[in-house]
Amino acid sequence: MNKKLISIILPIYNEAESIAVLYDRLNGVIDSLSATYDFEIIMVDDGSADESWKKINQLAQLDCRIRGISFSRNFGHQIAISAGYDYARGDALITMDADLQHPPHLIPALIEEWQKGAAIVYVRNRVVANGLVKKFFSTAYYFILDCIVPIKIPHNVQDFRLIDKKVATIVRQSREQSPYLRGMVAWTGFSSTFIDAAYDKRFTGKSGYSLSKMFKLAFDGMTGFSLFPLKIAAYIGFFVIATGCTMFAYITVDAFCNHVYYPLFKWLVTIIYIFIGVLFILIWFLGEYIGRIYNQLQARPLYVVAEELNSITLSNMMNEKKPLHCHCERV
Ligand code: UDP
Ligand code: MG
């Protein structure tokens, strides 16, 4: 019987000092599973300025399970993982950081959950964030994300997860320039589960995630899965029109019933105020059209098929134009 292939994808940016230790730890885990599974390790060098690529080359010469690609410049963590997904051939794909924050000894547990039937297995960090300020921003971010994003994006999972190849097939179809992969994986809608564990401290060196990169990722998460920001103009517009009309009604009644004199500029201010509300509504309309263009450009699959019955394949429906109904007794 053919063994199942597991791809381990490692995005690498200036991790020359961690790579050998990471490989040793991975090797220990992989060896213990090699009777049941085959492995490939895909190392994606995201334009490192240090000796990471050299280290990857050295390891690849010693171990043919290692496959490497090197970017021409730094494209970012999410793109490095996307490339890993493109190149991986596994039945299950595991992504983890190369700085040893994501403990390799959890790999057997990830595979076990996958074998039990979960198409997506996340490793959730037990420690929300270090420091009060980080904790506050992290909690606030996920609160806003939950409020404005229609799908459920898991909290505190970073990009340490296993996905089944059927999930990878869907994720590969989306060629977004600013991907938020944990959102995209959740978006596919396949069954998922969590393993709770404590992430480790970075083995050596410093984080490749500058504040601006972190902010960009957070923003990509919101804008990639929610058009809510485009609708804010509508709420402001309706509020302004409602209050403007109330003011207009008030001064009209006051002027005509109570014979109070209102100078022309007060009428004009009220009318201009209402028109500002109308402008907000028009901006909302523009936003709705831009949102639709944005959705179309994201070009995500229209739907994700979880199962098929009676081999109703796309080619049956689209090319051969067979009737969509049938008179079979059995399904
Ligand atoms: N990384 C990458 N490209 C980047 C930044 C980071 O491929 O532009 C890799 C990095 O080598 C590590 C993982 O992504 O394997 C997570 O990055 P890092 O540890 O710097 O982020 P943090 O854990 O501090 O959020
Ligand atoms: Mg890290």
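Residues numbered from 1 in each chain as written. Chains lettered and ligands numbered in written order. Predicted model: local features only at pLDDT ≥ 70, side-chain atom pairs only at ≥ 80, totals over all residues. Heavy atoms only, no water.

Quick word on the overall build of the chain
Scanning the chain for helices and strands turns up 11 helices and seven strands. Scaling as 2.2 N^0.38, a compact globule of 331 residues should have a C-alpha radius of gyration of about 20 Å, whereas the chain reaches 27 Å, well beyond that. Taken along its principal axes, the extent of the C-alpha atoms in the chain is 95 × 65 × 35 Å. By residue count, 41% of the 331 residues in the chain fall in the buried class. Counting only carbon and sulfur atoms, one obtains 63% of the accessible surface of the chain, whose full area is about 19500 Å². (Helix = DSSP H or I, 4+ residues; strand = E, 2+ residues; numbered from the N terminus. Rg over C-alpha atoms; globule rule 2.2 N^0.38 Å. Buried < 20%, exposed > 50% of the residue type's maximum accessible area, 1.4 Å probe, protein only. Areas by Shrake-Rupley, 256 points an atom, 1.4 Å probe, with all protein chains shown as cover.)

Description of the site of ligand 1
Around ligand 1, 17 residues are found, and the nearest of them are Glu15, Asp46, Asp99, Ser207 and Gly208. Within the side chain of Asp46, one N or O atom sits 2.6 Å away from a nitrogen atom of ligand 1. Contact distances for ligand 1 include 2.9 Å between an oxygen atom and a side-chain N or O atom of Arg202. Computed on the free molecule, ligand 1 has an accessible area of 530 Å², of which 92% lies beneath the protein chains in the complex. Among the residues making up the shell around ligand 1, the classes are represented as five nonpolar, six polar and six charged. (Near = heavy atom within 4 Å. Polar contact = N/O pair within 3.5 Å; in protein donor to acceptor, adjacent residues only side chain to side chain. Nonpolar A, V, L, I, M, F, W, Y, C, P; charged D, E, K, R; others polar.)

Things to note about the coordination of the magnesium ion (ligand 2)
Taken together, the protein ligands of the magnesium ion (ligand 2) are Asp99 (OD) and Gln101 (OE1), with distances of 1.9 Å. Residue Asp99 is classed as buried on the basis of its relative accessible area of 3%. Note on Gln101: relative accessible area 21%, which makes it partly exposed. (Donors = N, O, S within 2.8 Å, 3.2 Å for Na, K, Ca; no water.)

Remarks on the sheet that holds strand S1 (residues 4–12)
As summarised here, the arrangement of the seven strands in space is S3-S2-S1-S4-S6-S5-S7, forming an open sheet in which the pairing is mixed. Strand pairing shows two members of the sheet lacking a second neighbour, strand S3 (66–70) and strand S7 (192–197), which therefore form its edges. Strand-to-strand twist in this sheet, taken as the mean axis angle between neighbours without regard to direction, amounts to 20°. The pairing of strand S4 (residues 92–95) with strand S6 (residues 161–164) spans four bridges and is antiparallel. Residue pairing across strands places Ala92 opposite Asp164, the latter belonging to S6. (Pairing = 2+ DSSP bridges. Axes fitted to C-alpha atoms, helices over the stretch in contact; angles between N-to-C directions.)

Some details on the packing of aromatic side chains
Each aromatic ring pair is described using two quantities: the centre-to-centre distance and the angle formed by the ring planes. All told, the structure shown has 12 aromatic pairs when counted by the stated rule. Between the aromatic rings of Phe215 and Phe219, the centroid separation amounts to 6.1 Å while the plane-to-plane angle is 15°, which identifies the pairing as stacked. Placement of both Phe215 and Phe219 in helix H8 (residues 211–225) is noted, with a separation of four residues, approximately one turn of the helix. Residue classification places Phe215 among the exposed residues on the basis of a relative accessible area of 59%. A residue is classified by how much of its surface remains accessible, and Phe219, at 46% relative accessible area, is partly exposed. (Phe/Tyr/Trp six-rings, centres within 6.5 Å; stacked < 30°, edge-to-face > 60°.)

Thoughts on the pattern of salt bridges
Following the criterion strictly, the structure yields 18 salt bridges and no others. Across the pair Arg202 and Glu15 runs a salt bridge whose closest N-O atoms are separated by 3.0 Å. Separated by 187 residues along the polypeptide, Arg202 in the loop between S7 and H8 and Glu15 in the loop between S1 and helix H1 (16–33) bring together distant segments of the chain. For the salt bridge of Arg161 with Asp159, the shortest nitrogen-to-oxygen distance reads 2.8 Å. In this structure, a network of salt bridges that share partners links the residues Glu15, Asp99 and Arg202. (Salt bridge = Lys/Arg side-chain N within 4 Å of Asp/Glu carboxyl O.)

Notes on unusual backbone geometry
Positive phi is not limited to glycine here, since Gln158 has a value of about 45°. Since its relative accessible area comes to 32%, Gln158 is described here as partly exposed.

Let's talk about the environment of Asp220
By the secondary structure assignment, Asp220 is in helix H8. Between the C-alpha atom of Asp220 and that of Tyr180, which follows or precedes it by 40 residues, the distance is 6.0 Å. Ignoring any residue separated from it by four or fewer positions in sequence, one finds Asp220 in contact with Ser178, Pro179 and Tyr180. (Contact = heavy atoms within 4.5 Å.)

Examining the packing of H1 against helix H2 (residues 52–62)
Look at H1 against H2: their axes get within 8 Å of each other, and the N-to-C directions meet at 25°. Comparing their axes, H2 and H1 come out roughly parallel. Read as a crossing pair, H1 and H2 show a hand that is right-handed. Between H1 and H2, the contacting residues are Ala16, Ile19 and Tyr23 on the first element and Ser52, Lys55, Ile56 and Leu59 on the second. Looking at the contact of H1 with H2, its residues break down into five nonpolar, one polar and one charged. (Parallel < 35°, antiparallel > 145°, perpendicular 65-115°, else oblique. Left-handed = near helix turned anticlockwise from the far one by under 90°.)

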